[in-house]
Amino acid sequence: MNTSWLRKGIAVVVLTASVAVAQDDVTPTAEQLQAFELMQQQAESLNPQTGEIVLEGGLATLQVPENFYFLDARDAETVLVDLWGNPPGQDVLGMLFPAQHSPLDYESWAVTIDYSEDGFVADDDAADIDYADLLRDMQKDTRDSNDARVEAGYEPVELIGWAEQPYYDAAAKKLYWAKELQFGDSEDTTLNYEIRALGRRGILSLTFIAASSQLDEINASRDAVLAMTEFNEGHRYVDFDPDIDEVAAYGIGALIAGKVAAKAGLFAAAVVLFKKFGVFVLLALAFGWRKIMGLFKTDTLGPK
């Protein structure tokens, strides 16, 4: 695949940051420049893919058109942890990006793809959920997770509210909702737009990581992303066999709340992802890592 998007992204980072550094008469240290060089090397090592991609275990197939690209599990970990600053051990199946952007671009956004085999999720509670009450519970869980975040060296996060209130499509067996998050004292807020596709034995999770200001763009791209991803025959919700398949110990409400994630990881209940605003990378390096984290954050997957 053509990787001009990557060269362009890196060039923009260098040019923008170099001009800003020159204007402010700030010289990065050798260690800072070495760190940026490492980020360049990591970005250049990525292997973008298009076309038909069968996810691990054959549970689903992606049909990735030329206006997107896919990164496999290893490359996704590199982006999420090494380039975007999330906690290690994300363990996703892969990521989707719009083709015009490198992970280092300021305007870039991405979709993580994950699967949890917790059993068949019954959806009979979907119509009875009070989403205002659920939001208050989630905000408390998020606040309660902050001591662990700070102790581990990450900034606290606040769940501001719904960017999109949860909606369950009973016919398609797909669930949508979006959270607006603020990391530390950053003026920019992060968007984690969540989609869950229910399957025979578990849940396929798609999480858009972006800036909150990109909500309209994400909404415009949502259906295209969904069209790329479908459970293969034998793994679909309609393939459920009550005589042999396990039923999950939770329903739609607990799925939205995030308390049942198989990979709770570092911060248990309130899993969030962020994305650094790549165009400011070198500038932030010049001013120190504390500034960079304030400028580029997104948790679970989004800007921070």
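Residues numbered from 1 in each chain as written. Predicted model: local features only at pLDDT ≥ 70, side-chain atom pairs only at ≥ 80, totals over all residues. Heavy atoms only, no water.

S.K.: Sorry, what's going on with the overall build of the protein chain here?
M.R.: For the protein chain, the helix and strand inventory stands at 9 helices and 12 strands. A total of 304 residues make up the protein chain; the buried ones form 55% of that total. Across the protein chain, contacts joining residues at least 24 apart in sequence account for 65% of those joining residues at least 6 apart. Of the roughly 13,500 Å² of accessible surface on the protein chain, a fraction of 49% belongs to carbon and sulfur atoms. (Helix = DSSP H or I, 4+ residues; strand = E, 2+ residues; numbered from the N terminus. Buried < 20%, exposed > 50% of the residue type's maximum accessible area, 1.4 Å probe, protein only. Contact = heavy atoms within 4.5 Å. Areas by Shrake-Rupley, 256 points an atom, 1.4 Å probe, with all protein chains shown as cover.)

S.K.: Teacher, can you tell me more about the confidence of the model for the protein chain here?
M.R.: Atom-level detail of predicted coordinates should not be read off regions where pLDDT is low. Residue-level pLDDT values for the protein chain average 78, and 75% of them are 70 or greater. Here residues 7-25 scores under 50 on pLDDT; set against residues more than four positions off or in separate chains, the count is 29 contacts. A low-confidence stretch, residues 277-304 stays under pLDDT 50, and its non-local contacts, those more than four residues away or across chains, total 139 contacts. (pLDDT = per-residue confidence, 0-100.)

S.K.: Would you explain the nonpolar core in this entry?
M.R.: Within soluble globular proteins, side chains that are nonpolar generally end up buried alongside one another. In this structure, Tyr-193 and Leu-204 are the most contacted members of the largest nonpolar core, which totals 30 residues. Element by element, the count of residues in this core is highest for helix H6 (residues 215-228), at 5 residues. Excluding its chain neighbours within four sequence positions, the residues that come into contact with Leu-204 are Leu-55, Leu-59, Ala-60, Ile-113, Asp-114, Tyr-115, Ile-195, Arg-196, Ala-197, Thr-229 and Phe-231. In this structure, Met-138, Phe-183, Leu-255 and Ile-256 belong to the second largest nonpolar core, which totals 25 residues. (Core = buried A, V, L, I, M, F, W, Y, C linked by side-chain atoms within 4.5 Å.)

S.K.: Sorry, what's going on with helix H4 (residues 131-144) here?
M.R.: A turn of α-helix holds 3.6 residues, and therefore any two residues three or four places apart point the same way. The first and last C-alpha atoms of H4 sit 20 Å apart over 14 residues, in line with the 20 Å expected at 1.5 Å per residue. Those residues of H4 not exposed but buried are Tyr-131, Leu-134, Leu-135, Met-138, Gln-139, Asp-141 and Thr-142. The buried residues of H4 all sit within an arc of 160 degrees when viewed along its axis, so they share a single face. With a side-chain oxygen positioned 3.1 Å from the backbone nitrogen of Ala-132, the residue opening H4 is Asp-130. (Expected span 1.5 Å × (residues − 1). Arc of directions from axis to C-beta. Polar contact = N/O pair within 3.5 Å; in protein donor to acceptor, adjacent residues only side chain to side chain.)

S.K.: I'm lost on the environment of Arg-136 in this one. Help?
M.R.: Its place among the elements puts Arg-136 in helix H4. Here the alpha-carbon distance between Arg-136 and Gly-161, two residues 25 residues apart in the chain, equals 8.8 Å.

S.K.: Help me out: how do you make sense of the pattern of salt bridges in this one?
M.R.: Any two side chains of opposite charge can pair, on the condition that their charged atoms come close. What the rule picks out here adds up to 9 salt bridges. Close ionic contact of Asp-123 with Lys-173 constitutes a salt bridge, the shortest N to O distance being 2.9 Å. Of this pair, Asp-123 sits in the loop between strand S5 (110-116) and H4 while Lys-173 is found in the loop between strand S6 (157-169) and strand S7 (174-183), placing the two residues 50 residues apart along the sequence. In this structure, the salt-bridge partner of Glu-194 is Arg-196, at a minimum N-O distance of 2.9 Å. Given the relative accessible area of 2%, Glu-194 is considered buried. The network of salt bridges with shared partners includes Arg-200, Arg-201 and Asp-245. (Salt bridge = Lys/Arg side-chain N within 4 Å of Asp/Glu carboxyl O.)

S.K.: Just to check I follow, could you spell out helix H3 (residues 73-83) for this structure?
M.R.: Buried within H3 we find Asp-75, Ala-76, Thr-78, Val-79, Leu-80, Val-81 and Leu-83. After H3 finishes, the residue Gly-85 shows a positive phi value of roughly 80 degrees.

S.K.: Can you help me understand the side chain of Gln-139 in this one?
M.R.: Within the secondary structure layout, Gln-139 lies in helix H4. Since its relative accessible area comes to 17%, Gln-139 is described here as buried. At 3.3 Å, the side chain of Gln-139 and the backbone oxygen of Ile-160 are in polar contact. In this view, Gln-139 contacts Leu-159, Ile-160 and Gly-161; residues no more than four positions away in its chain are not counted.

S.K.: I'm lost on the packing of aromatic side chains in this one. Help?
M.R.: The description of an aromatic ring pair rests on the distance of the ring centres and on the angle between the ring planes. Across all of its chains, the model carries 9 aromatic pairs by this definition. Ring geometry for Trp-109 and Phe-208: centres 5.8 Å apart, planes at 35 degrees, overall tilted. Residue Trp-109 is located in the loop between strand S4 (94-98) and S5, and its partner Phe-208 is located in strand S9 (residues 203-211); the two are separated by 99 residues in the primary sequence. Residue classification places Trp-109 among the buried residues on the basis of a relative accessible area of 1%. Through a chain of ring-to-ring contacts, three or more aromatic side chains come together here, namely Phe-68, Trp-109, Tyr-193 and Phe-208. One Lys or Arg, Arg-222, reaches over the ring of Tyr-176 and ends 4.4 Å from the middle of that ring. (Phe/Tyr/Trp six-rings, centres within 6.5 Å; stacked < 30°, edge-to-face > 60°. Lys NZ or Arg CZ within 6 Å of the ring centre and 35° of its normal.)

S.K.: What should I look at first to understand the sheet that holds strand S10 (residues 229-231) in this one?
M.R.: In any sheet, the strands associate via hydrogen bonds between backbone groups, in a parallel or an antiparallel arrangement. What the 3 strands build is an open sheet, ordered S1-S2-S10; its pairing is antiparallel. Edge positions in the sheet fall to strand S1 (51-54) and S10, since each of these pairs with one other strand and no more. For this sheet, the mean angle separating the axes of adjacent strands, direction not counted, is 20 degrees. In this structure, S1 lies alongside strand S2 (residues 60-64), joined through 4 bridges in antiparallel fashion. Considered in S2, the bridge of Gly-51 is made with Val-64. Its contacts with the sheet place H6 against S2 and S10, and it is angled at close to 40 degrees to S10. (Pairing = 2+ DSSP bridges. Axes fitted to C-alpha atoms, helices over the stretch in contact; angles between N-to-C directions.)

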